[in-house]
Structures are given as C-alpha cells and as structure tokens.
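Structural description and commentary
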Amino acid sequence: MSNQTVPLGQYIFRRIKELGIEHILGVPGDFNLTLLDEIYNVPGLKWIGCCNELNGAYAADGYTRIKGSPAVLITTYAVGELSAMNGVAGAYAEHAGMIHIVGMPARSMQRNRVMLHHTIEPNMDHAIYIKMADPIRKDHAYLMEDCTMADEIDRVIVACVRSRLPVYIYVPTDVVSVQLDANRLETPLDTTVRNADSKTEDEIVSKVLSLIAEASNPTILADVLAIRHGGLELTKKLAEITHLPSFSTPLSKGVIDETAPYYYGLYNGKASFPGVAEAVEKSDLVINLGPLLSDSNTGGFTRDIKDENLVRLGHDLVQLKGQRFDGYHFLPILKRVVEELEAHPQKYKLPRPQHAGRVEAPVLNDSKSGELKQSYVWQRLGRFLKENDIVLAESGTAQFGMPDATFPRNTRYITQIFWSSIGYTVGSCLGALIAAKEMKHPGRVVLIVGEGSLQMTVQEIGTYLRYGFNPIIFVINNNGYAIERAIHGPEQGYNDVSMLWDHQKMLEFFGAREDTGIKAESRATKTVEELEAALNDEAFGSGDRIQLCEIFMDKFDYPWRLSKQLEIARARMKEAASKNNITAG
C-alpha cells in the first residue's frame, strides 16, 4: 500500500462527499478561509453562501430533514459559531443533525492565549466557545494533535449520522494543510445503526410480531423521530402492508399517505379532529414509532395512551407494554418486523379490513366570498398542494393551521413546533431547496411564513434568487405576532411589528428584476375571491419562477388548534394554582 497523503482540509471534505452531500453551507470568516479553499479541490462539492450564520444553521436543519443525511455548516470562530447556536440547538431538539465545522485561530495563537479579535478579554482560553456548545451537540473533535486528527474526524461524522444530532469539528487555521493518510479514505465509514445485543433484539422483534398477531384493533401512530432516524420508508411500508388505521402527529404530518383508506388523521390529544383521539385511545395495540412527546406535539400533554396498549419504538428506548428495553434503536427492529409481515401476511391476518369508517376531516369553512379566515385558509392551501410537494409551515399560526389540511401523496412537511424559533422556515427553506435539487425531487417547495417571522430572517430570500431557486412563498399578514397575541397581551404593543414593509416589492428588491433576467410575480389577497384567483392560476402554481402571495387576515383570528391548546394549558395552570392554594392553606 502506498504512503499517499492528503491535506486535512481535503480529507474532511472527501469524507463529507462520501455521505452523498453535494453542497456546503456557511459564511466566510478569516479563520475558515483556507479551509473553504479546499472545497473547490473536491470534485462534486459546491459552496452555498448564506447571509448570516443563524440562517445557515436553519438551512442545514432543513436540508437534513429532506435529504435524510446531515448537512454541513461552516462558520468562523466565536462570532460565527455563536450566531449559529440557536439554529444548531433547534436541530438538536428536533433531531435534524448537522456537521458544524468551525474555523479557529492557529494552535500557537491558542496556546499563547493571544488577545485576537473575537476573543473577549486578555489571557482568554480560546476554547471557551467550544464549552458553550456542549449541550447542543452529540460529540465534537478539537483538532489539535496531528496523530489523532483523522480518527477524530471519522468518529464524529459517524456519531452524527447514527445519532441524527449535531456534531462539531473545530479546525485551527494551521491544521488545514496537515498531511493525513489518504489510504484511510479507501475504507468507507460505517454509519449503520445496530443494537448491541442481537439476542435481545430477537426477543423484541418476536414480541412485537406476536402482539400484532394477537391484537383485535391495532393502530399505527407514526411520529417525527421515525422520520428523522431513517425510518420514513419503513413506516410507509408498514402502513401499506398492514392497512392498520394509521395516524400522524403535528410534527410528523405527511409521513402516512393521507389519501389512503387506512389514514385516520392527525392525533394531537384533545386538540384533534372529532373521532381521531377516540380511535387511537381505544385501540388495544398502538404501535408508536419515533415519539417526540413535547407539549405542542401531544395537544398540551393530553395524549392518553395506556402503557398496557402501547408498543413504543424509539431511537433510544423500546417499550412493549410494561416492559422497557433502554438503549435499543427502533430502526433495525422495524426493518425486521416489516420484512416478516411482508413475507407472511396471512399469518398476521394482513391486510386488516377496515372495521370502522375512516375518520374524515371536517370542512371548517366553505365560504365562497368575503374576508379570509384562518378556518378557511389552511384547508384551502392543502387543496393547492400537489403530490411530492415540500411544505414548510412557520412557527406561529401556520404550524397550528396546516394540520387542518389534507396532504396529497408523498408530501414532505417541515415545521418546528417543538423548538419553535420564529423565522426558522425562511432559512430552512433554503436547505430544503438545496436538498431537493440534489435529489432531483419532482415536487415544488412551498414556504408559508408570517410577516412577523419573515422580518427575522428575510434576507435569505436573496439567497434563493442568487442560486436560482423558485419556491412559492405565502406571507401570512395578520399585523403582528398573532401566536403571541393569542397567548397573552392581544392589544399590547410588544406584539406589534413594523407594518411599513411592502411585500409586493420584496422579490424585486432582492433581485427579481428585468435587468437581472430573474422572473417573479407577487400578488396580495384579502378576500376569498382573490385567494381563489391566485390558487387557481396555473402560472402561479407552476413552480417555474419564484412566486409570492400575501394573505391578509385579522390579527385576532387564530387557528382552532392554537386556541384549544391554550385553553388546555390555562385550565392546567388554574388547577395547579388551586392545588397550591389548598396546600398553602
């Protein structure tokens, strides 16, 4: 074997290319510039420059959700990495792991604690910012020793792919040219998820299959971590093979084909459409895939599934009724279960007949004219969607409204109802657009964002245009932070935003003009008739150019799911306060 070497910068990017990644996201800074040079030395990799690091982290999150493999974000020391941290934390919370590479000062500068720009005081430990990111990452590599660099790079990349959580690689400027063993690159990284004890896994698989065979009314509840941890296609296949009544959650909407006869709706505890919660909670076996049990993903913690009826298949826990298997990952288990069911359907009485009628979503508002209402808009936007679309719903009224819609087949849905960082979807949309391009995805990318959220991250729309992307953008203009008004202070000024923006000129400002040759169209809708005219316009829905549709609604009009969850939360707070008063008395 030859003793060929490769610069560390190229080694990192060749490992990244090995994962199927074609674009690197980030913002240049003086401590990462020589590292960025190496991107251009790896065929098949391209650079996507973001307007700021926070948006870059949001974009990496969105890319990961659509591509299924981690995005790569590169920032500079201190000012860049700290600006990205909110977006990285959201990716950690919702398991949309990324590889965050940080360019750092040279090792000699760090060891001598030189008072460089981006440090904050004399004699500062240059690694202090590394410590700040500890709670929002799975692992990290701090590349200070030549002899361990290759091992460290490989280790954290594998940790990212297996855990679906963010990792960090800290690269001092002087190590970019350190020569590493190129022969290592001939052996692909092993990113396969395995359970440590095969005998226990055999036991789990056998018990799951027995429970399915014995259950008289089994159901599937597919949650978001099934998607994040690589189980999207297996989940779809499980539902298709079995025809068990299948449900999604607010975060996993679209995971099950919503046009299929076995799709029974979106389960969100007491904040579900009529009949949905009853269908889930009366089942004698709920196969819960990838649960994420946050407040907004469980109807304010009103999910009511008894342990004796529950099979929970998570990424770090499997629960079979009352029996727990900590540290076991659902992915190899689900793969084996699906293979067995597919091979022997008669043994498990599959596909199961539909004993009860499919739970149909009620029509909330069938107005033909007049002002636009939350009860009308979300279901109508659902009917605008097409098969294979990617849909992003912003934190706020959009993420509480879109669950009312029925999605076409193979709709991919991005929302951030757990971390809920306002402005997230504008950056995330960039990542989704990049992933869709790499995958040659046939559908459109549709962004739904409130005007208040848009003001947080709007500059990344300029990046869409810069790189030739054509999303369809709906701006929900309801005069401020509607979700905050619903929570508290409906008339307070702190829930207002600037209403001086002209969204109809926004695309032109960012570069969609005659002199650039970039085509775009913007329109405003204030009535049902105007929105219908836009949504029925074939040119608007074609996706051949960037389009913007501004939808005006009353600032005190809220989606019913938001009002319901707030009602649940307030009742719980009132009950807790009453108990505290009794205890104090």
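Residues numbered from 1 in each chain as written. Predicted model: local features only at pLDDT ≥ 70, side-chain atom pairs only at ≥ 80, totals over all residues. Heavy atoms only, no water.

1. Looking at the environment of R113
The test is simple: To qualify as a helix, a DSSP run of H or I must reach at least 4 residues; to qualify as a strand, a run of E must reach at least 2; elements of each kind are numbered from the N terminus. Here, two residues are considered to be in contact whenever any of their heavy atoms come within 4.5 Å of each other.
If you trace the backbone, R113 turns up in the loop between α5 (107–111) and α6 (128–132). The residues touching R113, leaving out its near neighbours within four places in the chain, are N123, M124, D125 and H126.

2. Things to note about the packing of aromatic side chains
What counts, and what does not: Paired rings are identified among Phe, Tyr and Trp, the last through its six-membered ring, by centres lying within 6.5 Å, and are further divided according to the angle between planes into stacked (under 30 degrees), edge-to-face (over 60) and tilted (the rest). Throughout this description, buried means an accessible area under 20% of the type-specific maximum (1.4 Å probe, protein chains only), exposed means over 50%, and partly exposed covers the range between. Only when the NZ of Lys or the CZ of Arg is both within 6 Å of the ring centre and within 35 degrees of the ring normal is a charge said to sit over the ring.
For the structure shown, the criterion picks out 13 aromatic pairs. When the ring of F384 is compared with that of F540, the centres are 5.7 Å apart and the planes differ by 40 degrees; the resulting orientation is tilted. In this pair, F384 sits in helix α13 (residues 374–384) while F540 sits in helix α21 (residues 538–541), placing the two residues 156 residues apart along the sequence. The class of F384 is buried, set by a relative accessible area of 7%. Relative to Y413, the ring of F407 lies with its centre 5.4 Å away and its plane at 65 degrees, an arrangement referred to as edge-to-face. Given the relative accessible area of 9%, Y413 is considered buried. Members of the aromatic cluster, joined through ring pairs, are F31, Y77 and Y129. In this structure, R137 is placed above the aromatic ring of Y168, and the distance from its NZ or CZ to the ring centre is 5.8 Å. A cation over a ring is seen here: R561 above F273, with NZ or CZ 4.7 Å from the ring centre.

3. Here's the deal with the sheet that holds strand β6 (residues 139–142)
Our working definition: For two strands to count as paired, DSSP must find a minimum of two bridges between them. For helices, the fitted line uses only the C-alpha atoms of the stretch in contact; every axis is such a line through C-alpha atoms, and the angle between N-to-C directions lies from 0 to 180 degrees.
With respect to topology, six strands assemble into an open sheet ordered β3-β2-β4-β5-β7-β6, the strand pairing being parallel. The outermost strands of the open sheet, each flanked by one partner alone, are β3 (46–49) and β6. Here the average twist between neighbouring strands, direction ignored, is 25 degrees. Taken together, the two bridges between strand β2 (residues 23–26) and strand β4 (residues 71–76) define a ladder with parallel strand orientation. Along β4, the bridge assignment pairs L25 with L73. Strands in contact with helix α1 (residues 8–18) are β2, β4, β5 (98–104) and β7 (167–172); relative to β7, the strand with the most contacts, it is inclined by about 160 degrees.

4. Quick notes on the side chain of R485
Test applied: Throughout this description, a polar contact denotes any pair of N or O atoms lying within 3.5 Å of each other; where both atoms belong to protein, one of them has to be capable of donating a hydrogen while the other can accept it, and for residues adjacent in sequence the pair is counted only when both atoms sit in side chains.
Positionally, R485 belongs in helix α18 (residues 482–487). You can call R485 buried: its relative accessible area is 2%. Only 3.2 Å separates the side chain of R485 from the backbone oxygen of N495, close enough to count as a polar contact. Excluding residues that lie within four positions of it along the chain, R485 makes contacts with N479, G480, P490, Q492, N495, D496, K555, F556 and Y558.

5. Observations concerning the domain arrangement of the protein
The line we're drawing: For each domain, the first and last residues come from an automatic or database assignment. As used here, buried area is the combined drop in accessible area, with a 1.4 Å probe, of two parts when they are placed together. Salt bridges are identified by distance alone: a Lys or Arg side-chain nitrogen within 4 Å of an Asp or Glu carboxyl oxygen.
Taken domain by domain, the protein comprises domain 1 (5–186), domain 2 (198–348) and domain 3 (374–565). For domain 1 versus domain 2, the distance between C-alpha centres works out to 36 Å. Of the residues lining the interface, eight residues belong to domain 1; the matching set on domain 2 comes to seven residues. Buried surface at the junction of domain 1 and domain 2, summed over both partners, amounts to about 620 Å²; 50% is from carbon and sulfur atoms. Looking only at domain 1, the three residues that lose the most surface to domain 2 are E94, H95 and R164, adding up to 72% of its buried area. Along the contact surface separating domain 1 from domain 2 lie zero salt bridges.

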